[in-house]
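# Fold and geometry: a report
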Amino acid sequence: MKDTRYIFVTGGVVSSLGKGIISASLARLLQARGYSVTIQKLDPYINVDPGTLNPYEHGECYVTEDGAETDLDLGHYERFLNVPTSQANNVTTGRIYQSVIEKERRGDYLGETVQVIPHITDEIKYRIRLLASHGKYDFIITEIGGTVGDIESLPYIEAVRQLRWELGKLAAVIHLTLVPYLAASGELKTKPTQHSVKTLLELGVQPDVIVCRSEKNLNESLRNKIAQFCNVDPSSVIESVDVETIYEVPMRMRDEKLDEVILRKTGLELSTASDMKGWEQFLFKLHNPKGEVTIGLVGKYVELKDAYKSILESFIHAGTANQCKVIVKLVHSEFITGENIAEQLGGLSGILVAPGFGERGIEGKIMSVRYARENKIPFLGICLGMQLAVIEFARNVLKLEGAHSREMDRRTPHPVIDIMESQKKVSGKGGTMRLGSYPCKINVESKAWDIYGREMITERHRHRYEFNNKYIDMFAMAGMHAAGVNPNEDLVEMIELPDHPWFMAVQFHPEYRSTVENPHPLFVHFVKAAIAYSKQK
Ligand code: GLN
C-alpha cells in the first residue's frame, strides 16, 4: 500500500479565487513528475449534489463517467489531468448529513448522541480517505469549497485540523488568498491575507503554503512580510498573478516551485524530473494560431459563461488541435426572431445549439438549427440541441405540424422526442436522470464513424427524453439518419444529415470528455468543418 499524501486547499478573503485551477495545476505538476494524483471537491452547501441547482446558482453541472452530477471544478480536474473522476470526488454537506442520518436511523450509533463532532467530521474524514483506499494514488488533493470563516465550512476545517494531526508529514495545507492592489495608493495590500490566515489559525490550522492571487507581482519584501506574519518560510509564499488563460497557471506554478515546495513539505525527494513537454506544446499552439474562426453558441444562459464551461473549454482544445483560434459568439436564443436571425447568425462559420431544460428560448434554438441546415453551415447539436434538430426536421422537412418534445408540449400531435421508458415512473428530481457513461454503436456508413474511427464508443449522458423510434424510418427516408444507437436499449444517440457538409447532433455530452491531452474528436472535426466553411465563404 502506498503512503498517500493529502493536500488540502482552503480559500480566504473572497470567493472565486480559483482554488479549482490551483488544485488542478498542482495536480498536473505532480503528475508530470510521475505521481498519480486525484482531486476532490468538498462543497459546504446542503444540496446532496449540484444536479438540482440551476446554472444561475452554480454554473454548469458536470457529469462523471459513473453518473455523478458534480461541481464544474471536476471538469477542470479532468481536463488538466486526463484522468476520470467519480462519485467520490465531489462531496457536499447534504451528502455527509444524509449518510450520517441514514446510519442513525439504522441504529449504527448504538444509542450515542449524534453530533457535528465527531460524527459529521468523521464522515468527512472517511470521504477524504476513501479515495486512498484503492492504493492507486500518491496524492489526494482536497479542495474545500467556500471561504474560511464561513459558518457552513467549519466542520470541514475541523476535519482538516484532525487529519493534519493524524497524518503528520503526509499532509499539507495550501491557503489561497487575495492580495489586492489599491490603485489610489499604488500598493499591494497584505492585511486581508494576514486576517484570513489568522481565522484559519483560530480554527487550529496552520497553512504550510500560501498562494496569493494578485493583479501584480509581489516583491521580495511583500513575500517576506506575508511569510513573517503567517508563520511560513518565504519560499512557501507563492504568487499567482492573473494570466490570459487558465492553461498558463500550471507553468506559472512551476516557475514558483509550488510542486517542489509540496514535495519537500510531505517528505518526498525531488529526484523525479518534471515533464511538461506535451503541455508546453499545447500552450505554444494555443498562443500561435494560424487563423481564426467564429462559431455561434446558441443558448439561454449567455450572460453566464460558466453555464457552458465544458463546451467553451472543448473549443479551446479543438481550436488548438487545429491550430486555429476559435472565437465563440454567445447568442441568446430568447432574442432570436425571424427578422433578426440572419443578422445574429450570418457571419458565423459554425453553429452549436446548447443543452438545456424547459421551454425558455426553445423557438430561437429551433430557428438556429433551421438556419444552419438550410444555409449549409456546420452544425453541432448537443443533448437538447439534438432533440431540437429532430424537431426542426420534423416540422420543416417532414411537415409534421406541431411536432415537439413532450418535455415542452405534453399534447403535441407528433412527439418526435418523448420521455424514456425508464423515466416514466421517476418522480424525484435529484440524481434520477439517465446519467453517466453509456455505450453507443456507430453505423459504419456514417460521418460519425469517420470522426471516431471505430464502432463502439462510450459517452456521458444527462437527460430524460429521447428520439421517438416510431418516427425513425420516416426520418431516414427524408435524409436524417441515426448514426449511433445504444446497443442495449436501442436509443438513438447520434443523428446526421449526409447531404449537408457537416450536420451532427448527439444525445450525449461530448464536452465532458474533452481534455488538453485528448481533445474531443467531435469538436476537433466540427472546428475543422468550420474552418473549411470560412475559407469557402
Ligand atoms: N431537457 C432534455 C432532456 O431532459 C435535454 C437535457 C440536456 O440537454 N442535458 O432530455
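Coordinates for the structure precede this section.
A brief structural summary. (Residues numbered from 1 in each chain as written. Predicted model: local features only at pLDDT ≥ 70, side-chain atom pairs only at ≥ 80, totals over all residues. Heavy atoms only, no water.)

### Quick look at the environment of L286
Note the cut-off: Only runs of H or I of at least four residues qualify as helices and only runs of E of at least two qualify as strands under DSSP, and these elements are numbered from the N terminus. Throughout, a contact is declared for two residues whenever any of their heavy atoms are within 4.5 Å.
Its location among the elements puts L286 in helix 11 (residues 277-287). Considering only alpha carbons, one finds L286 and C324, 38 residues apart in sequence, at a separation of 7.9 Å. Non-local contacts of L286, meaning those with residues more than four positions away in its chain, are made with T245, I316 and T320.

### Details of the nonpolar core
Quick note on the threshold: Think of a nonpolar core as a cluster: buried Ala, Val, Leu, Ile, Met, Phe, Trp, Tyr and Cys residues, connected wherever their side-chain atoms sit within 4.5 Å. Per-residue accessibility, obtained with a 1.4 Å probe over protein chains only, is compared with the maximum for each type, and a residue is labelled buried under 20%, exposed over 50%, and partly exposed between these values.
Formed by 44 residues in total, the largest nonpolar core has its most connected members in I141, I174, L258 and I262. The dominant element in this core, judged by the number of residues it contributes, is helix 1 (residues 19-32), at eight residues. Here I141 is in contact with I7, V9, S23, L26, A27, L30, V37, T38, I39 and Q40, once residues within four sequence places are set aside. Listed in part, the 40 residues of the second largest apolar core include I351, L384, L388 and F467.

### Observations concerning the pattern of salt bridges
Quick reminder of the rule: A pair is scored as a salt bridge if a Lys or Arg side-chain nitrogen falls within 4 Å of a carboxyl oxygen belonging to Asp or Glu.
Evaluated as defined, the whole model comprises 40 salt bridges. Residue R161 is joined to E158 by a salt bridge in which the shortest nitrogen-to-oxygen separation is 2.9 Å. One end of the pair, R161, and the other, E158, are both in helix 6 (residues 154-167), three residues apart, so they sit about a helical turn from each other. The class for R161 is partly exposed, based on a relative accessible area of 32%. Look at E158 and you get buried, because its relative accessible area is 15%. For the salt bridge of E363 with R395, the shortest nitrogen-to-oxygen distance reads 3.0 Å. Here the residue E363 occupies a position in helix 14 (residues 362-374), and R395 occupies one in helix 15 (residues 384-396), the gap between them amounting to 32 residues. By relative accessible area, E363 is classed as partly exposed at 37%. Several salt bridges converge on common partners, so that one network encompasses K41, D43, D71, D73 and E143.

### As for the sheet that holds strand 18 (residues 434-442)
Sheet strands associate in pairs through backbone hydrogen bonding, adopting either a parallel or an antiparallel arrangement. Operational definition: When DSSP finds two or more bridges between a pair of strands, those strands are recorded as paired. As a rule, the C-alpha atoms of each element are fitted with a line to give its axis, helices using only the stretch in contact, and angles between N-to-C directions run from 0 to 180 degrees.
Judged by pairing direction, the sheet is mixed, and its nine strands sit side by side in the order 13-12-14-15-23-22-21-18-19 without closing on themselves. Strands at the two margins of the open sheet, each flanked by one partner only, are strand 13 (325-332) and strand 19 (456-463). Mean inter-strand twist for the sheet, computed between neighbouring axes without regard to direction, equals 30 degrees. Relative to strand 23 (residues 503-506), strand 15 (residues 379-382) runs parallel, the two sharing four bridges. In the strand pairing of strand 23, L380 is matched with M504. Across the sheet, helix 18 (residues 521-536) is in contact with strand 12 (292-299), strand 13, strand 14 (350-353), strand 15 and strand 23; its angle to strand 12 comes to roughly 120 degrees.

### Considering helix 1
This is how it is decided: What a helix should span is 1.5 Å times the count of its residues minus one.
The first and last C-alpha atoms of helix 1 sit 20 Å apart over 14 residues, in line with the 20 Å expected at 1.5 Å per residue. For helix 1, the buried fraction is high: 13 of the 14 residues fall into the buried class. Where helix 1 terminates, the next one or two residues include G34, which has phi positive at roughly 90 degrees.

### Considering the pairing of strand 2 (residues 37-43)
With seven of its seven residues buried, strand 2 lies for the most part within the structure. In strand 2, alternate side chains face the same way, and those of V37, I39, K41 and D43 on one face and T38, Q40 and L42 on the other are all buried. Sheet analysis places strand 2 next to strand 6 (residues 139-144), joined by six bridges and oriented parallel. Opposite L42, over in strand 6, you have I144 as the bridge partner. As defined by bridge partners, strand 2 adjoins strand 5 (residues 90-92) across three bridges and the pair is classed as parallel. Within strand 5, the residue paired with L42 across the bridge is V91.

### With respect to the sheet that holds strand 16 (residues 404-405)
Pairing is mixed across the open sheet formed by three strands, whose spatial order is 16-17-20. Across the chains shown, the open sheet's two edge strands, defined by having one partner strand only, are strand 16 and strand 20 (465-467). Across two bridges, the pairing between strand 16 and strand 17 (residues 415-419) is parallel. What sits directly across from S405, in strand 17, is I417. Contacts between helix 15 and the sheet are confined to strand 16, strand 17 and strand 20, with strand 17 contributing the most and set at about 150 degrees to the helix.

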